[in-house]
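Residues per chain, in single letters:
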Amino acid sequence: MDTRERLIEATRELLWDRGYVGTSPRDILARAGVGQGSMYHHFRGKADLAAAALQRNADQMRANGEKVFDAETGVYDRLVTYLMRPREALKGCRIGRMSEDPDIVADPVLRKPLDETLGWYRARLTSLLAEGQASGELRAGFVPREVAATVVAVVQGGYVLAKAAQSTEPYDDAVAGAVSLLSSLREDVR
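The numbers attached to residues start from 1 for each chain and follow its sequence in the written order. Per-residue local features are limited, in this predicted model, to residues with pLDDT of at least 70; the limit for side-chain atom pairs, both in listing and counting, is 80 or more; totals at the level of whole chains, interfaces and linings are taken over all residues. Side-chain measures here rest on the full set of heavy atoms in the structure, leaving out hydrogens and waters.

(A) Structural view of the overall build of the chain. From N to C terminus, the chain includes nine helices and zero strands. For the purposes of this entry, the term helix denotes a DSSP run of H or I that reaches at least four residues, the term strand denotes a run of E that reaches at least two, and both are numbered from the N terminus. Order of helices (α) and strands (β) in the chain, N terminus to C terminus: α-α-α-α-α-α-α-α-α. Reported as C-alpha extents along the three principal axes, the dimensions of the chain are approximately 65 × 30 × 30 Å. Put simply, the chain has 190 residues, and 42% of those count as buried. Computed with a 1.4 Å probe, the accessible areas rest on the Shrake-Rupley method; for each residue, only the protein chains presented here act as cover. Counting only carbon and sulfur atoms, one obtains 53% of the accessible surface of the chain, whose full area is about 9,500 Å². Across the chain, the mean location of the 26 positive side-chain charges is 4 Å away from that of the 27 negative side-chain charges. Buried means the residue's accessible area, taken with a 1.4 Å probe over protein chains only, is under 20% of the maximum for its type, while exposed means over 50%, and partly exposed covers the values in between. Neither His nor the chain ends contribute to the count of charged residues, in which Lys and Arg are positive and Asp and Glu negative. All charge positions are set by atom: Lys at NZ, Arg at CZ, Asp at CG, Glu at CD.

This is the structure:
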C-alpha cells in the first residue's frame, strides 16, 4: 500500500474511533507510519485528508449495499439480508457516526459524503420497496419513501442505543423490529 493509501486508511479508522475533532494530524501520521511531510505532499491538510477518507467510507458503504440490493432474490429477502448482515454495532456506522461531529456537519465539503450516502441509502431503499409493491411481493397501501426513512432511522438509532448501553442488544432488537415491520408489508401476510 502506498503512502497516500496508508494515510487514507489510517484516517478512516481514526475518524471511526475518535471522530474528526479527536483525530490529530500527529495521530494520523503515527497510525499510517509515515513522516509529517508525507501528509502535506498528498493532501492540503487534515480537512482534505478527512474528506478523502469520508468519501472512501461512503463509496465502500454504497458498494457493499449494492452487492445485497442487486442480488437475484426477492425484495423482502434483499432487505432482510441487508439489515441482518454483521456490523460493529458498538462502533456505529462509519458515515452516520460522523453526523455527531459538529466540525464535519459545519463543513459542506466534509458533510457532502454523509448527505450523499444517507440520501442514497434512503433512495435505494425507497426504490426497492416500490419495486416490491410493483411486483406484488409487498402489499399496496404504504408509502415506500416513509418506510425507507424508518428503516434508516432504526439502523442509525440502533447504533446510538448500542453505544449508549455499551451492548449490542439494543441494536439487535432494533434490527429485529425493522425486520418484523418489513414482514408485515409482505403480500402473503394477512
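From this point, the discussion proceeds with the structure in view.
(B) Quick peek at the nonpolar core. Judged by nonpolar contacts, the single largest core of 56 residues is most densely connected at Leu7, Leu83, Tyr121, Leu125, Leu129 and Leu182. If you list the elements that add at least two residues to this core, you get helix 1 (3-18), helix 2 (25-32), helix 4 (46-69), helix 5 (75-84), helix 7 (108-135), helix 8 (144-165) and helix 9 (169-183). The dominant element in this core, judged by the number of residues it contributes, is helix 4, at ten residues. Should any heavy atoms of two residues lie within 4.5 Å, those residues are counted as being in contact. Not counting residues within four places of it along the chain, the set of residues in contact with Leu7 comprises Ile28, Leu29, Ala32, Val34, Ser38, Met39, His42, Phe43 and Leu49. Residues belong to a common nonpolar core when they are buried Ala, Val, Leu, Ile, Met, Phe, Trp, Tyr or Cys residues joined through side-chain atoms within 4.5 Å.

(C) Quick peek at the side chain of Arg94. Note that Arg94 resides in the loop between helix 5 and helix 6 (102-106). Within the structure, the side chain of Arg94 is placed 2.7 Å from the side chain of Glu13, a separation counted as a polar contact. Ignoring any residue separated from it by four or fewer positions in sequence, one finds Arg94 in contact with Arg12, Glu13, Trp16 and Asn57. Polar contacts, as used here, are pairs of N or O atoms within 3.5 Å; protein pairs need one atom able to donate a hydrogen and one able to accept it. Residues neighboring in sequence count only if both atoms are side-chain atoms.

(D) A look at the packing of helix 4 against helix 7. Only the stretch in contact is used when a helix axis is fitted, and all axes are lines through C-alpha atoms; the angle between N-to-C directions ranges over 0 to 180 degrees. Between helix 4 and helix 7, whose axes approach to 8 Å, the crossing angle comes to 10 degrees. The orientation of helix 4 with respect to helix 7, classified from their angle, is roughly parallel. Across from Ala47, Ala50, Ala51, Leu54, Gln55, Ala58, Met61, Arg62, Gly65, Glu66 and Phe69 in helix 4, the residues of helix 7 making contact are Val109, Leu110, Pro113, Glu116, Thr117, Trp120, Tyr121, Arg124, Leu125 and Leu128. Nonpolar residues are Ala, Val, Leu, Ile, Met, Phe, Trp, Tyr, Cys and Pro. Charged residues are Asp, Glu, Lys and Arg, and all others, Gly as well, are polar. In terms of residue class, the contact of helix 4 with helix 7 is made up of 14 nonpolar, three polar and four charged. Note on angle classes: values under 35 degrees are labelled roughly parallel, values over 145 roughly antiparallel, values of 65 to 115 roughly perpendicular, and the remainder oblique.

Take it as geometry only, folks, not as evidence of what the structure does.
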